[in-house]
Amino acid sequence: MTTYYENTKNIIQELSDLLLKVDQKDVENYMNEVTKAKKIFFVGVGRVELALEATVKRFSHLGLNCYMVGALDEPPIGDKDLLIVGSGSGESLFPLGITNKAQKYGAKIVHLTSNPNSSIAQKADIIVRFESPSKTHSNIKSIQPITTVFEQGLLVFHDILTLEFMQEMGLSFEDLKTRHANLE
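Okay, so let's go over this structure. Just so you know, these numbers come straight off a predicted model, no measurement behind them. (Residues numbered from 1 in each chain as written. Predicted model: local features only at pLDDT ≥ 70, side-chain atom pairs only at ≥ 80, totals over all residues. Heavy atoms only, no water.)

## Digging into the packing of helix H1 (residues 4-20) against helix H5 (residues 148-169)
Remark: H1 packs on H5, axes separated minimally by 10 Å, with the N-to-C direction vectors making an angle of 65°. Considering the relative orientation of H1 and H5, their crossing is right-handed. Residues Ile11, Glu14, Leu15, Leu18 and Leu19 of H1 pack against Val149, Gln152, Gly153, Val156, Phe157 and Ile160 of H5. Residues belonging to the contact of H1 with H5 are distributed by class as follows: eight nonpolar, two polar and one charged. (Axes fitted to C-alpha atoms, helices over the stretch in contact; angles between N-to-C directions. Helix = DSSP H or I, 4+ residues; strand = E, 2+ residues; numbered from the N terminus. Left-handed = near helix turned anticlockwise from the far one by under 90°. Contact = heavy atoms within 4.5 Å. Nonpolar A, V, L, I, M, F, W, Y, C, P; charged D, E, K, R; others polar.)

## As for the pattern of salt bridges
All chains considered together, the criterion is met by six salt bridges. A salt bridge links lysine 39 to aspartate 81, with the nearest nitrogen and oxygen atoms 3.3 Å apart. With lysine 39 in the loop between helix H2 (24-36) and strand E1 (40-43) and aspartate 81 in the loop between strand E2 (66-68) and strand E3 (82-86), this pair connects stretches of sequence that are 42 residues apart. Judged by relative accessible area, which is 16%, lysine 39 ranks as buried. The salt bridge involving lysine 177 is made with glutamate 174; its shortest N-O contact spans 4.0 Å. Taken together, the positions of lysine 177 and glutamate 174, both in helix H6 (residues 173-177) and three residues apart, correspond to about one turn of that helix. In this structure lysine 177 comes out as exposed when scored by relative accessible area, which is 56%. Classification of glutamate 174 by relative accessible area gives exposed; the value is 53%. (Salt bridge = Lys/Arg side-chain N within 4 Å of Asp/Glu carboxyl O. Buried < 20%, exposed > 50% of the residue type's maximum accessible area, 1.4 Å probe, protein only.)

## What about the packing of aromatic side chains?
Under the criterion given, the structure shown has seven aromatic pairs. Residues phenylalanine 41 and tyrosine 67 carry aromatic rings whose centres are separated by 5.6 Å and whose planes lie at 35° to one another, so their mutual orientation is tilted. Residue phenylalanine 41 is found in strand E1, and its partner tyrosine 67 is found in strand E2; the two are separated by 26 residues along the sequence. Here phenylalanine 41 and tyrosine 67 have matching classes, each one buried. Summarising the aromatic geometry, the rings of phenylalanine 42 and phenylalanine 59 are spaced 6.2 Å apart at their centres and angled 70° between planes, so their arrangement reads as edge-to-face. Residue phenylalanine 42 is found in strand E1, and its partner phenylalanine 59 is found in helix H3 (residues 46-61); the two are separated by 17 residues along the sequence. The class of phenylalanine 42 is buried, set by a relative accessible area of 0%. Its relative accessible area of 0% is what places phenylalanine 59 among the buried residues. Following the ring pairs from residue to residue traces out a cluster consisting of Tyr30, Phe130, Phe150 and Phe157. (Phe/Tyr/Trp six-rings, centres within 6.5 Å; stacked < 30°, edge-to-face > 60°.)

Now the structure itself:
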């Protein structure tokens, strides 16, 4: 039986391997689309949705106009906007349906996935691939259950991008604090 410390070391290694294999050009293309977008929408289901909700919160601290699809404050999407679709398999029904709808309104589509040949990927303008297990293929192994490493990777990936956006925008931690909730 492995110990807490052994599992910690193994999980950190898996995340490091995952994040270091993300293509730099894909990251640059993704960041470019985020900075050009008037409004940014995120969609995912389950634990992917949770990781993306954290991203909406943090990107909002950067001053970006971000929304979760289905949230009460969600505005309409248009041709100057960006939809970011998180789906490891790229075949989940809800994200696929939202992708189709956003495409009809002319929004750009970024797909964060472990399956660059998926149905959603076929509609995406930009694909950011995470080499991780998914529901549709299991040729990549993890010590963690199901698609955990993908979900963890999305959270850490966007925290890394937050640092890069801060540098590009000339923002400090204090600048982000001015947009942080204060009713806590």
